[in-house]
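# Summary of the model geometry
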Amino acid sequence: MIVHPRLLQLSGSVKGPMAACAALGLAVSAAYVGQALLLTAALAALAEGRHGDTVPLLAWALAVIAVRAALLWARACVTAWAGALVKARLRDRLVERLGRLGPAYLTGTRTGRLQTTLVDGVEGLEAYFSRYLPQLAVTCCVPVALVGWLFTVHAGAAAVLAAAVAGVLVIPRFWDATLLRRGRSRWTAFADLAADYLEATQGMATLRAFGAVRRLGDRLAERAHLLYVTTMRQLRVSLVEKGVSTFLIQAGTAGAVLAAARPGDAWGVFAILLVTVECFRPVRELSEHWHAGYLGITAVDGLRDLLSARPPVRDTGTGTRVGAAPEIVFDDVAFTYPGARRPAVHGVSFTVGRGQTVALIGPSGAGKSTLAALLQRHVDPDRGAVRIDGVDLRELSLDALRAGIAVVAQDTYLFHGSVADNLRLARSEASDEDLAAAARAAGAHGFVSALPQGYDTVLGERGATLSGGQRQRLAVARALLADAPVLLLDEATSHVDVQGEEALAGLRRGRTCLLIAHRLSSVRDADRIVVLEEGTVAENGADYYRRLRAADEVSA
Ligand SMILES: Nc1ncnc2c1ncn2[C@@H]1O[C@H](COP(=O)(O)OP(=O)(O)OP(=O)(O)O)[C@@H](O)[C@H]1O
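Taking an unreviewed UniProt entry as the reference, the protein chain is identified by name as ABC transporter ATP-binding protein belonging to Nonomuraea longicatena. If you open the UniProt record of the protein chain and go to Subcellular location (unreviewed entry), you find "Cell membrane".

So, in structure tokens, the structure goes:
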């Protein structure tokens, strides 16, 4: 039984529905007790031959049973509502958090583990919030009230009952720390297995190509065995705890009845027996809900890590827009990744003039992607500044900055959804005509129209049903729809044919563009080329490409 402070904090947004669940739980308990007392009185009247009293008492008992059924139904509905609300609000918070943490956080995290936290962890927490916590409130009230009442009837039976209830609630707590530790081990094994399965499905083509499917199968089997072992270790503690609780409940019931037993007062003892049963009912239900909500509680570490992770950049800027085709300046920029020994970039200074295209080239690891990340403020420089039209990026709000930059990357991410949905990511209110116009300009309209349902055709995950070139044209169409004044082309020419290059040239027109490329052929249209080497600018000039071409021709 754990009331986790962090989880209680998370429950803040659903306090109302949880209170309603608790109130209905109390009403259900009151109905059970009322039914028990009425039935005892009816049976006593029947045994004593007071038939005139029996019928109304039974009628009242039936009425209470009907009310209890209605209350149970209402409680089930409110519990389902509270559970759905908890999950929706928690997932909203987590997704919003992930958005703020950005790619810098995701690169340091295993996607499968994160997904397990977001899906299974949140799913498991539903039972904790909507069933366990309301039941905890019921358990704090009902046994106390019934034991208090019993003290007024039979102090000895009440003392035995109080001791048994206290035992059921307190003794299993000695195992909580062990249970939580084993639960966490089980959760880790579960999350690792889920992460391995995700990687295996995503990387199946590579695994097959290297004949490594069997080896991976062995590893998955090992992981599955570890999950089994950790589950059994947790279950053993759970079963001991449950056994102790069950024993104390049975012993407490028998003890209270024995303490109250008096010759000639069979119905009084029967009433005490029923009250004792009702006294333990919330405790038993609490134990069941505890086990149902346990998965979520063991996931709390992952949730806490996610919710307490510090975003790499602060959104405190107040600037609201990026002007048309602005000037971009990298001014003595340096950045070192957390934990890295060497700076990824240092002393980088260059300017992208208004409406110009500057190409960043350099060998692998030279720092090109890092500069792209700095421009998008996925991270902030440790030294120096990136400025747009003289304004430090940190002075712009993140929304304004992101609206001001459109990105076309080498690996275009398309979501499972229609072509239109994917295009509208850039501008949700775009009309069908806007989509078609952008697709035409990007050279995508032809192949999209030829798809079975045109713009309503559902694309496979990551756009798996399209070729690389087609995906890239959709990315260009998306950037056109976004209509941002700054363009970041990250290896965007890798899948492009002549028509695609024309579309990209059209996209660059009237915009300031930073173009990242490995191949020299990709940068021939740039106004200037900046060559990066080992994190710093090695060459910066308008005639660099010409000189290189000339050198090529001489050597040929
Ligand atoms: N998340 C990270 N954590 C630590 N170091 C990183 C991280 N990302 C990149 N680096 C390091 O920073 C340096 C610059 O990497 P960057 O990705 O910017 O190079 P790049 O020029 O874009 O390379 P490529 O052309 O291969 O994509 C490299 O030494 C790289 O190892």
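Having seen the model, we can carry on.
## Here we look at the sheet that holds strand S1 (residues 328-335)
The four strands are arranged S2-S1-S4-S5 in an open sheet whose pairing can be described as antiparallel. Two strands bound the open sheet, and with one partner strand each, they are strand S2 (345-352) and strand S5 (391-392). Across five bridges, the pairing between S1 and S2 is antiparallel. Looking at the pairing, Phe330 lines up with Phe350 of S2. Lying on the sheet, helix H11 (residues 368-375) is in contact with S1, S2 and strand S4 (383-388); it crosses S1 at an angle near 115 degrees.

## Quick look at the site of the ligand
Near the ligand the following residues occur: Thr107, Tyr337, Ala340, Ala344, Gly362, Ser364, Gly365, Ala366, Gly367, Lys368, Ser369 and Thr370. Here the shell around the ligand takes three residues from H11, the largest share from any one element. Residue classes in the shell around the ligand are distributed as four nonpolar, seven polar and one charged.

## Side note on the sheet that holds strand S11 (residues 528-533)
As summarised here, the arrangement of the six strands in space is S6-S9-S10-S3-S11-S12, forming an open sheet in which the pairing is mixed. Because the sheet does not close on itself, it has two edges, and the strands there are strand S6 (405-409) and strand S12 (536-541). Along the sheet, successive strands turn relative to each other by an average axial angle of 20 degrees, direction set aside. Note that S11 and S12 share five bridges and pair antiparallel.

## Describing the nonpolar core
Membership of the largest hydrophobic core comes to 68 residues, with the highest contact counts inside it found for Leu360, Val476, Ala477, Leu514 and Leu515. With eight residues, the single largest contributor to this core is helix H16 (residues 468-482). Leaving out residues up to four positions away in the same chain, Leu515 has contacts with Thr357, Val358, Ala359, Leu360, Leu489, Val523 and Ala526. Listed in part, the 60 residues of the second largest apolar core include Cys21, Val64, Val86 and Tyr132.

The rules behind the values
Residues numbered from 1 in each chain as written. Predicted model: local features only at pLDDT ≥ 70, side-chain atom pairs only at ≥ 80, totals over all residues. UniProt positions renumbered as here; feature names shortened; annotations may be inferred. Pairing = 2+ DSSP bridges. Helix = DSSP H or I, 4+ residues; strand = E, 2+ residues; numbered from the N terminus. Contact = placed C-beta atoms within 7 Å. Axes fitted to C-alpha atoms, helices over the stretch in contact; angles between N-to-C directions. Near = placed C-beta within 6 Å. Nonpolar A, V, L, I, M, F, W, Y, C, P; charged D, E, K, R; others polar. Core = buried A, V, L, I, M, F, W, Y, C linked by C-beta atoms within 7 Å. Buried ≥ 20, exposed ≤ 12 C-beta atoms within 10 Å, placed from the backbone.

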